[in-house]
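A closer look at the structure
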Amino acid sequence: MSGDAYDGVETVEKAVVTGAAGFIGSHLVEVLRRGGTDVVGIDRKASWATADIPASAGLGALRAINADLASADLSACLENAATVFHLAALPGVRPSWTQFPEYLHCNVLATQRLMDACVRAGVPRVVMASSSSVYGGAEGTMSEDDLPRPLSPYGVTKLAAERLALAYAARRDAALSVNALRFFTVYGPGQRPDMFIGRVIRATLENRPIEIYGDGTQIRDFVHVSDIVRALLLAAAAPGKGSGVVNIGTGRAASVNEVLVLTGELTGRTPDARYGPAHIGDVRATTADVGRARNRLGFTARTELRAGLATQIEWARHSLARTPPHETASSAGMAPTHRG
Ligand code: NAD
Ligand code: UGA
């Protein structure tokens, strides 16, 4: 693996990445290929390339498969895979009140179909994306031993997906391990357009107002995408066959208002924040207990929020320079749904 962020992380032999065209998936695919790993990337997004890229100059090959996990025959894709990284899902918290059938399809049915195919294909290891949203509200840090009490339909589907995968791993006839990584709020270059940090940065760079859902005192454990990719690679290389859930966060949290201040300092422009009602199902606070990630995976987040925000601001400046203004306005993402 080259590059400081991934020093000390072992190379995976052959990997399958679901959700390969997404925010986190596209970073993972790039880092795996840079480490010489051959990747089969699966995504249902229309823009996901279907042309294969052969291995070259130290870069692993990419086979890009455009398919819906919930209905495709996955057996050929999974042949000889050392690790399946399962990132595909419908990810936003707020639209899950109104689009539940889609959430069930992408998060629950797709996971069940994939796990069934993994057992049949003899895949030894699955590393999957779970979410801090399985916890629901919490006073202090969120620990893997806490009883999950999701407050949104999205959180319920992520909990179901996690439990489904672990049920498959526990089957007597299955020789696979499952690590379900509960990511906290992920940011960095390429972040989904419905998410807060990307919206604040774009709005500030374009001198547009940004709507804050609530009073901005809600806090999140914001974790940079390079740390998430490192955690995924560490989980794939973790010794032993054990299965379980592991939080992936920084152990520190910042409020939405603190992000506004930092964005102002880093861009030299004051964000124009307009405060509105909070969304139903939006948790007040998330902070990861990071003990298990450190002990089981040797993982500690390395990117501080200020430095991480700077990487996303730089990326946003470049992408705005390439995109006509009318396209950025429409890329504001999913429409707000239920408000408190
Ligand atoms: P994303 O939407 O950018 O990527 C998900 C990808 O999965 C998309 O490209 C989508 O087309 C694909 N996909 C969805 N359903 C599919 C299906 N049925 N078949 C094939 N492809 C399908 O989301 P992301 O932010 O990169 O999130 C990746 C994973 O991490 C998700 O599982 C999400 O729940 C989880 N997660 C994300 C965050 C975060 O802050 N971004 C935090 C916690 C957990
Ligand atoms: C994020 C991801 O979107 C989920 O996929 C993921 O599962 C979840 O993290 C997680 O940690 O598990 P969320 O924390 O809601 O969910 O992330 P953002 O969309 O970045 O929102 C952060 C906060 O900013 C929320 O309180 C939200 O209400 C607020 N926000 C968001 C605004 O005030 N304005 C906006 O325009 C967008």
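Named according to an unreviewed UniProt entry, the protein chain is NAD-dependent epimerase/dehydratase family protein originating from Streptomyces stramineus.

**Some remarks on the overall build of the protein chain**
Check the secondary structure of the protein chain and you find 10 helices and 13 strands. Relative to the compact-globule value of 20 Å for 340 residues, the protein chain shows a C-alpha radius of gyration of 19 Å, a close match. If one aligns the C-alpha atoms of the protein chain with their principal axes, the spans along those axes are about 55 × 45 × 35 Å. Counting across all 340 residues of the protein chain, residues that qualify as buried make up 54%. When contacts within the protein chain are restricted to residue pairs at least 6 apart in sequence, long-range pairs at least 24 apart make up 80% of them. Accessible surface, the protein chain as shown: approximately 14,500 Å² in total, 54% of it carbon and sulfur. With 35 positive and 33 negative side-chain charges, the protein chain shows a spacing of 2 Å between the two charge centroids.

**Examining the site of ligand 1**
Near ligand 1, the surroundings consist of 28 residues, among which Phe23, Asp43, Tyr154, Lys158 and Val186 are the closest. The separation between a nitrogen atom of ligand 1 and a polar side-chain atom of Asp68 is 2.9 Å. Tyr154 has a polar side-chain atom sitting 2.7 Å from an oxygen atom of ligand 1. Those elements giving two or more residues to the shell around ligand 1 turn out to be helix H1 (23-34), helix H3 (100-121), strand E5 (125-131), helix H4 (153-169) and strand E7 (185-187). Of the residues assigned to the shell around ligand 1, the class counts are 17 nonpolar, 5 polar and 6 charged.

**A short note on the pattern of salt bridges**
Inspection of the entire model under this criterion finds 16 salt bridges. One salt bridge in this structure joins Asp227 and Arg230, with 2.7 Å as the shortest N-O distance. Here Arg230 and Asp227 lie together in helix H6 (residues 225-237), a separation of 3 residues that amounts to about one turn. Under the relative-accessibility criterion, Arg230 is labelled buried at 3%.

**Side note on helix H7 (residues 256-267)**
Its 12 residues give H7 an end-to-end C-alpha distance of 16 Å, which sits within 8% of 16 Å, the value for a rise of 1.5 Å per residue. Buried within H7 are the following residues: Val256, Val259, Leu260, Leu262, Thr263, Gly264 and Thr267. At its buried positions, H7 is contacted by helix H5 (196-205), strand E8 (209-213), strand E10 (222-224), strand E12 (254-255), strand E13 (272-276) and helix H9 (305-322). Of the residues one or two after H7, Gly268 is the one with positive phi, at around 80°.

**Points about the nonpolar core**
Among the nonpolar cores identified, the biggest contains 44 residues, and Phe85, Leu181, Phe183, Leu232 and Ile248 are the most heavily contacted of them. Looking at this core, the elements that each hand over two or more residues are strand E1 (14-18), H1, strand E3 (62-66), E5, strand E6 (177-183), H6, strand E11 (244-248) and helix H8 (291-297). The biggest single contributor to this core is H6, with 9 residues. Discounting chain neighbours no more than four positions away, the residues touching Phe183 are Ile24, Leu87, Ala129, Ser130, Ser131, Ser132, Ile228, Leu232 and Ile248. In this structure, Leu78, Val84, Tyr168 and Ala180 belong to the second largest nonpolar core, which totals 33 residues.

**Regarding the environment of Ser26**
The topology assignment puts Ser26 in helix H1. Considered as a pair, Ser26 and Gly41 are 15 residues apart in the sequence and their alpha carbons are 9.1 Å apart. One polar contact links the side chain of Ser26 to the main-chain carbonyl oxygen of Gly22, over a distance of 2.7 Å.

Each value, and the rule that gives it
Position numbers for residues count from 1 along each chain, tracking the sequence in the order it is written. Chains and ligands are labelled sequentially in the order written, the chains with letters from A and the ligands with numbers from 1. Confidence filtering applies because this is a predicted model: local features only for residues at pLDDT of at least 70, side-chain atom pairs given and counted only at 80 or more, and all residues used for totals across whole chains, interfaces and linings. Only hydrogens and water are set aside; all other atoms, that is, all heavy atoms of the structure, feed into the side-chain values. Runs of H or I in DSSP of at least four residues are treated as helices and runs of E of at least two as strands, each being numbered from the N terminus. Here the globule rule is a power law, 2.2 Å times the number of residues to the power 0.38, and the radius of gyration is based on C-alpha atoms. Only protein chains enter the accessibility calculation, which uses a 1.4 Å probe; a residue whose area is less than 20% of its type maximum is buried, one above 50% is exposed, and one in between is partly exposed. Working rule for contacts: check all heavy atoms of both residues, and any pair within 4.5 Å makes them a contact. The Shrake-Rupley method, run with a 1.4 Å probe, gives the accessible areas here. Residue values count only the displayed protein chains as cover. By the counting scheme adopted, Arg and Lys are positive, Glu and Asp are negative, and His together with the chain ends is not counted. Every charge is mapped to an atom, namely NZ of Lys, CZ of Arg, CG of Asp or CD of Glu. Distances are taken per atom, and a residue is near a molecule or strand as soon as one of its heavy atoms is within 4 Å of it. A 3.5 Å cut-off defines polar contacts: any pair of N or O atoms within that distance qualifies, except that in protein one atom must be a possible hydrogen donor and the other a possible acceptor, and neighbouring residues in sequence count only when both atoms are side-chain atoms. Under the grouping applied here, Gly and all other residues not named as nonpolar or charged are polar, the nonpolar ones being Ala, Val, Leu, Ile, Met, Phe, Trp, Tyr, Cys and Pro and the charged ones Asp, Glu, Lys and Arg. Every case where a carboxyl oxygen of Asp or Glu lies within 4 Å of a side-chain nitrogen of Lys or Arg is listed as a salt bridge. Every helix has an expected span of 1.5 Å times one less than the residues it contains. The definition of a nonpolar core used throughout is a set of buried Ala, Val, Leu, Ile, Met, Phe, Trp, Tyr and Cys residues joined through side-chain atoms within 4.5 Å.

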